[in-house]
Amino acid sequence: MSTSGDFDCIVIGAGVQGSFTAYQLAKKNKKTLLLEQFVLPHSRGSSHGQTRIIRKAYEQNFYTHMMEECYELWAQLEREAGVKLYRQTGLLVMGPEKSANYQNIKDTLQRNKVPMVVLTHDNFSQHIPNVNLAKGDEALVDTTAGVLFADRVLKTVQEQFLKLGGVIRDNEKVTDIKPGPVVRVSTSVGVYHAKSLVITAGPWANKLLANTGLQLPLEVVKINVCYWKEKVPGSYGMKQRFPCFVQTECLESKVHIYGLPSNEYPGLMKVCYHMGSKTDPDQRDLQKDKSDIEILQHYIARCFPGLVPEPAIVESCLYTLTPDHHFVLDYHPAYSNIMIGAGFSGHGFKFGPIIGKLLCELSLGEVPSYDLSPFHIRRFQSKTRSAL
């Protein structure tokens, strides 16, 4: 069976960024096609799973600024769909008091007047039971932070897109892109044409961009998503108002360690290492590196005495990293009607609504709502290879 069609815009990749982009375009009455290579829902990319952290606690002002409006957009979608997508838990940030990472987060929160509580060694255990704060560490709580219900988010935004007249075609792999004033997209099933194209293909971004003569300095890594059993069920539970947490650096690691309260699997807390090992997204099951789990075991034994320091469940997720771990949100350097959203580096999910809005604005030739210079392709300079 072959199919074809003409659209105002085609979005490739139905993860969180592509789904929100398609939804925003449909809200602007644009005839929009959302293409996905796998059968929906799927767990092969970066947007699956039950939960993600939402927070304003960042080292960079521009992320904290974007999150202000993003919270409003999340609440707007909840009202529109009548579905609960977010639960406020707070975010505990721990790190060496004198370290740049920790101080930058604290300064950004203070500068932007984000509600927070600073904890000392004297009062830490009163507020945060069952966690050992390391000597020399300080802690704060971003009280606005919480948990996004990720799978529910994807289902909801795709349903809203369909209600607005959008078209989703899953199980259709893109086989070719022909740039031009009207972009031609060929898939395993048919051929489509559109005035503009948005590529939000996560780990497969460079495989698609090769059709347009562009390669970005993106690295795909496989993350081990680990769940750890509570010795006393509920002691780190969402119902007990235990917060999400980020450890900026510690004895075991210079890389962030993060966690979410037990909820999705009763009696199991999600605690992960914010980095993984390089992989091919089409061969990710061959990547079996578990060196990060050993780091987590030592960290949990030292800092989370109420957890069994052996993962009960290990799932996986893919990060697509840029060299500076900031996003790519930009026009294609050679084709102004092709937009690219890529390199969300394991911290992009919470920005879904605002990224969708920004990619929609770029697609429609509007002035973007935020300064996108931190996300421009040209920042890579010689690392961005073009065959054009």
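Described in the following lines is the structure provided in the data block. (Residues numbered from 1 in each chain as written. Predicted model: local features only at pLDDT ≥ 70, side-chain atom pairs only at ≥ 80, totals over all residues. Heavy atoms only, no water.)

### Description of the overall build of the chain
Note the following rule: Numbered from the N terminus, helices here are DSSP runs of H or I no shorter than four residues, and strands are runs of E no shorter than two. Using C-alpha atoms as the atom set, the radius of gyration is obtained and then compared with a globule rule of 2.2 Å times the number of residues to the power 0.38. For the exposure calls, accessible area comes from a 1.4 Å probe over protein chains only, and a residue counts as buried if that area is under 20% of its type's maximum, exposed if over 50%, partly exposed in between. Contacts between residues were defined by any pair of non-hydrogen atoms, one from each residue, lying within 4.5 Å. In summary, the charge assignment counts Lys and Arg as positive and Asp and Glu as negative, without counting His or the chain termini. Where a charge sits is defined by one atom per residue type, namely NZ (Lys), CZ (Arg), CG (Asp) or CD (Glu).
Scanning the chain from terminus to terminus reveals 8 helices and 22 strands. At 21 Å, the chain has a C-alpha radius of gyration in line with the 21 Å of a compact globule built from 388 residues. Here the chain, with 388 residues, has 57% of them falling under the buried criterion. In the chain, the share of contacts with a sequence separation of at least 24, taken over all contacts with a separation of at least 6, comes to 74%. Of the charged side chains in the chain, 43 are positive and 38 negative, and the gap between their average positions amounts to 2 Å.

### A word on the packing of helix H1 (residues 16-27) against helix H5 (residues 150-163)
The criterion, for reference: Working convention: axes come from line fits to C-alpha atoms, limited for helices to the stretch in contact. Angles between N-to-C directions cover 0 to 180 degrees. Orientation categories follow fixed angle ranges, with anything under 35 degrees roughly parallel, anything over 145 roughly antiparallel, 65 to 115 roughly perpendicular, and all other angles oblique. Handedness of a helix crossing follows the sense of rotation of the near helix relative to the far helix, less than a right angle counterclockwise being left-handed and clockwise being right-handed. Residue classes follow a fixed rule: Ala, Val, Leu, Ile, Met, Phe, Trp, Tyr, Cys and Pro count as nonpolar, while Asp, Glu, Lys and Arg count as charged, and any other residue, Gly among them, counts as polar.
At a minimum axis distance of 9 Å, the contact between H1 and H5 shows a crossing angle of 25°. On the basis of the axis angle, H1 is roughly parallel to H5. In this structure, H1 meets H5 at a crossing whose hand is left-handed. Of the residues in H5, those touching H1 at Val16, Ser19, Phe20, Ala22, Tyr23 and Ala26 are Val153, Leu154, Val157, Gln158, Gln160 and Phe161. Of the residues assigned to the contact of H1 with H5, the class counts are 9 nonpolar, 3 polar and no charged.

### Side note on a positive patch on the surface
Here is the rule: Each patch is built from residues lacking any salt bridge and having more than 30% relative accessible area; the joining distance is 9 Å for like charges and 5 Å for nonpolar side chains (Val, Leu, Ile, Met, Phe, Trp, Tyr). Per-residue and other accessible areas follow the Shrake-Rupley method at a 1.4 Å probe size, with only the shown protein chains counted as cover for residues. Put simply, a salt bridge is a Lys or Arg side-chain nitrogen that is within 4 Å of an Asp or Glu carboxyl oxygen.
Together, Lys84, Arg87, Arg152, Lys239 and Arg241 make up a region of like positive charge exposed at the surface. Residue position: Arg241 is located in the loop between strand S14 (219-230) and strand S15 (244-247). Among the residues examined, Arg241 registers a relative accessible area of 65% and is labelled exposed.

### A short note on the side chain of Gln247
We apply this condition: The definition of a polar contact used here is a pair of N or O atoms within 3.5 Å, where within protein one atom must be able to donate a hydrogen and the other to accept one, and adjacent residues in sequence count solely through side-chain atom pairs.
With respect to the secondary-structure elements, Gln247 resides in strand S15. Here Gln247 falls in the buried class, since its relative accessible area comes to 2%. One polar contact links Gln247 to Tyr299, side chain to side chain, over a distance of 2.8 Å.

### Some remarks on the pattern of salt bridges
Overall, the coordinates contain 12 salt bridges when judged by the stated rule. Among the salt bridges present, the one from Lys28 reaches Glu366, with a minimum N-O distance of 3.6 Å. With Lys28 in the loop between H1 and strand S2 (32-35) and Glu366 in the loop between helix H8 (352-363) and strand S22 (385-386), this residue pair connects regions lying 338 residues apart in the sequence. Where Glu159 meets Lys155, a salt bridge forms, and the shortest distance between an N and an O atom there is 2.9 Å. Note that Glu159 and Lys155 are positioned in helix H5 at a spacing of 4 residues, about one turn of the helix. By relative accessible area, Glu159 is classed as partly exposed at 35%. Overall, Lys155 belongs to the exposed group, its relative accessible area being 53%.

### Concerning the pairing of S15
Regular strands place side chains that alternate from one sheet face to the opposite one. For clarity, the cut-off: Paired strands, as defined in this entry, are two strands with at least two bridges between them according to DSSP.
Covered by surrounding structure in S15 are Cys244 and Val246 together with Phe245 and Gln247, the residues of both alternating faces. Summarising the sheet, S15 and strand S16 (residues 257-260) pair through 3 bridges and their orientation is antiparallel. Each residue of the ladder has a partner; that of Phe245, found in S16, is Gly259.

### Details of helix H2 (residues 61-81)
Which entries qualify depends on this criterion: Here the expected span of a helix is defined as 1.5 Å times the quantity of residues minus one. What we call the bend at a residue is the angle made by axes fitted to the seven residues finishing there and the seven residues starting there.
In a regular helix each residue adds 1.5 Å, so 21 residues correspond to 30 Å; H2 covers 31 Å between its end C-alpha atoms and thus fits that length. In the structure, H2 departs most strongly from a straight axis at Glu68, where the bend amounts to approximately 30°. What H2 keeps buried is the set Tyr63, Thr64, Met66, Met67, Glu69, Cys70, Tyr71, Leu73, Trp74, Leu77 and Glu78. Just beyond H2, the residue with positive phi is Gly82, at close to 65°.

### Focus: the environment of Asn29
Relative to the elements of secondary structure, Asn29 occurs in the loop between H1 and S2. Taking the C-alpha atoms as reference points, Asn29 and Leu164, separated by 135 residues in sequence, lie 8.0 Å from one another.

### Re H1
Taking 1.5 Å as the rise per residue, H1 with 12 residues should run 16 Å; its terminal C-alpha atoms sit 16 Å apart, in good agreement. With 11 of its 12 residues buried, H1 lies for the most part within the structure. For H1, the full list of buried residues reads Val16, Gln17, Gly18, Ser19, Phe20, Thr21, Ala22, Tyr23, Gln24, Leu25 and Ala26. Buried-residue contacts for H1 involve strand S1 (3-12), S2, H2, H5, strand S12 (190-199) and H8. Two residues or fewer after H1 comes Asn29, characterised by a positive phi angle close to 65°.

### As for the sheet that holds strand S3 (residues 51-54)
Read from one edge to the other, the open sheet built from 3 strands follows the order S3-S8-S4, with strand pairing classed as antiparallel. Of all the strands in the sheet, just S3 and strand S4 (86-88) have a single pairing partner and so form its edges. Going from strand to strand, the sheet's axes swing by 25° on average, the running direction of each strand aside. Where S4 and strand S8 (residues 146-149) come together, 3 bridges link them in antiparallel fashion. Across the sheet, residue Gln88 finds its bridge partner in S8, namely Gly146. Packed on one face of the sheet, H2 meets S3, S4 and S8 and runs near 135° to S3. Along the sheet face, H5 touches S3 and S8 and points at about 50° away from the line of S8.

### Notes on the packing of aromatic side chains
We count it as follows: Pairing of aromatic side chains here covers Phe, Tyr and the six-membered ring of Trp, requires ring centres within 6.5 Å, and sorts the geometry by plane angle: under 30 degrees stacked, over 60 edge-to-face, intermediate tilted. Counting as a charge over the ring demands two things of the Lys NZ or Arg CZ atom: a distance within 6 Å of the ring centre and an angle within 35 degrees of the ring normal.
Evaluated as defined, the whole model comprises 21 aromatic pairs. Ring centres of Phe20 and Trp74 lie 5.4 Å apart, and the angle between their planes is 85°; on these two criteria the pair is classed as edge-to-face. With Phe20 in helix H1 and Trp74 in helix H2, this pair connects stretches of sequence that are 54 residues apart. Each member of the pair, Phe20 as well as Trp74, is classed as buried. Three or more aromatic residues link up through ring pairs in this structure, and these residues are Tyr58, Phe62, Tyr63, Phe327, Phe344, Phe351 and Phe375. Above the plane of the ring of Tyr71 lies Lys56, whose end atom (NZ or CZ) is 4.9 Å from the centre. Against the face of Phe149 rests Arg152, its NZ or CZ located 4.6 Å from the ring centre.

Note that every value here comes from positions in space, so none of it alone points to a role or purpose.
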